[in-house]
Amino acid sequence: SQQGEEDPQALSIQEGENATMNCSYKTSINNLQWYRQNSGRGLVHLILIRSNEREKHSGRLRVTLDTSKKSSSLLITASRAADTASYFCATRGNSGGYQKVTFGIGTKLQVIP
Amino acid sequence: DTGVSQNPRHKITKRGQNVTFRCDPISEHNRLYWYRQTLGQGPEFLTYFQNEAQLEKSRLLSDRFSAERPKGSFSTLEIQRTEQGDSAMYLCASSSPGLAGGAGAQYFGPGTRLTVL
């Protein structure tokens, strides 16, 4: 089953605008990761945030994590046409032993030049 | 190229045939994962190896599916008696042990797209 649920499922913005995607999950986690996937390609890791962290930055990316609400957001600032892709959140549980990383269904982002 | 590679990139087969896919992870990564992804969905976990040991298998991995990593380096995923429902992108990823025991970033290959006619 897919734990993470991204919202919105599709997003279309103009180049230069900011894009915000949200992810909600159900069980307690060790960490949450965001990935990007261009059409027909493999996934590219963007950023990992641990359960004891609240915010993380990487270039134009900003990720927040609210464990009390079991939610995370990914903000892409000053979007570019090359940011057009699907974005997935992935969660890793923390109940001991090997906990697989579970992906959501993704947000499809279109950045219009 | 030091990334994760997968072969073949595309495979078309007839229902009932067997297929085998190969994944070559990043050389220093001891963890290897297989996922299946269908259109409009996120990757679904299939199985996980740490070195040569297969430590976790999803219930999605029916007895027609088998995966191996004989020397702790490359891995193969075999599907026997393929069915049309097996049509999907099969993704391989590798990682090194994460900090503080958590799973670190996974590095994905380009995937093998399987079409079962």
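Residues numbered from 1 in each chain as written. Chains lettered and ligands numbered in written order. Predicted model: local features only at pLDDT ≥ 70, side-chain atom pairs only at ≥ 80, totals over all residues. Heavy atoms only, no water.

Asker: Please provide a residue-by-residue account of the state of the cysteines, values included.
Answerer: All names here are of chain A. Counted by the stated rule, this structure contains two disulfides over all chains. Linked covalently through their sulfurs, Cys 23 and Cys 89 form a disulfide whose S-S length is 2.0 Å. Across the S-S bond of Cys 23 and Cys 89 the torsion is about 65°, and the bridge reads as right-handed. With Cys 23 in strand S3 (residues 19-24) and Cys 89 in strand S9 (residues 85-93), this residue pair connects regions lying 66 residues apart in the sequence. (Disulfide = S-S within 2.5 Å. Helix = DSSP H or I, 4+ residues; strand = E, 2+ residues; numbered from the N terminus.)

Asker: Tell me about the environment of Cys 92 of chain B, and please be specific about residues and values.
Answerer: Residue and element names in this part refer to chain B. Mapped onto the elements, Cys 92 comes out in strand S9 (residues 88-95). Expressed as a C-alpha distance, the spacing of Cys 92 and Ser 5, which sit 87 residues apart in the sequence, is 8.3 Å. Once you skip the residues sitting within four places of it in the chain, Cys 92 turns out to touch Val 4, Gln 6, Cys 23, Leu 32, Tyr 33, Trp 34, Tyr 107, Phe 108 and Gly 109. (Contact = heavy atoms within 4.5 Å.)

Asker: Before we move on, can you summarise the packing of aromatic side chains with the specific residues and values?
Answerer: Residue and element names in this part refer to chain B. Tallying each qualifying case throughout the model produces nine aromatic pairs over all chains. For the pair Tyr 33 and Tyr 48, a centre-to-centre distance of 5.2 Å together with 25° between the ring planes defines the contact as stacked. Taken together, the residues span a long stretch of sequence, with Tyr 33 in strand S4 (residues 31-37) and Tyr 48 in strand S5 (residues 44-50) at a distance of 15 residues. Overall, Tyr 48 belongs to the buried group, its relative accessible area being 1%. (Phe/Tyr/Trp six-rings, centres within 6.5 Å; stacked < 30°, edge-to-face > 60°. Buried < 20%, exposed > 50% of the residue type's maximum accessible area, 1.4 Å probe, protein only.)

Asker: Tell me what's going on with the pattern of salt bridges, and back it up with residues and numbers.
Answerer: Opposite charge on two side chains permits them to pair, given that their charged atoms come into close proximity. For the structure on display, the rule yields six salt bridges over all chains. Ionic pairing is found between Arg 62 of chain A and Glu 55 of chain A, a salt bridge with its closest N-O pair at 3.2 Å. A salt bridge links Arg 64 of chain B to Asp 86 of chain B; the shortest N-O distance between them is 2.8 Å. Here Asp 86 of chain B lies in the loop between strand S8 (75-79) and S9 and Arg 64 of chain B lies in the loop between strand S6 (53-57) and strand S7 (65-68), a separation of 22 residues in the sequence. Across the pair, exposure class does not vary: Arg 64 of chain B and Asp 86 of chain B are buried alike. In this structure, a network of salt bridges that share partners links the residues Arg 64, Glu 83 and Asp 86 of chain B. (Salt bridge = Lys/Arg side-chain N within 4 Å of Asp/Glu carboxyl O.)

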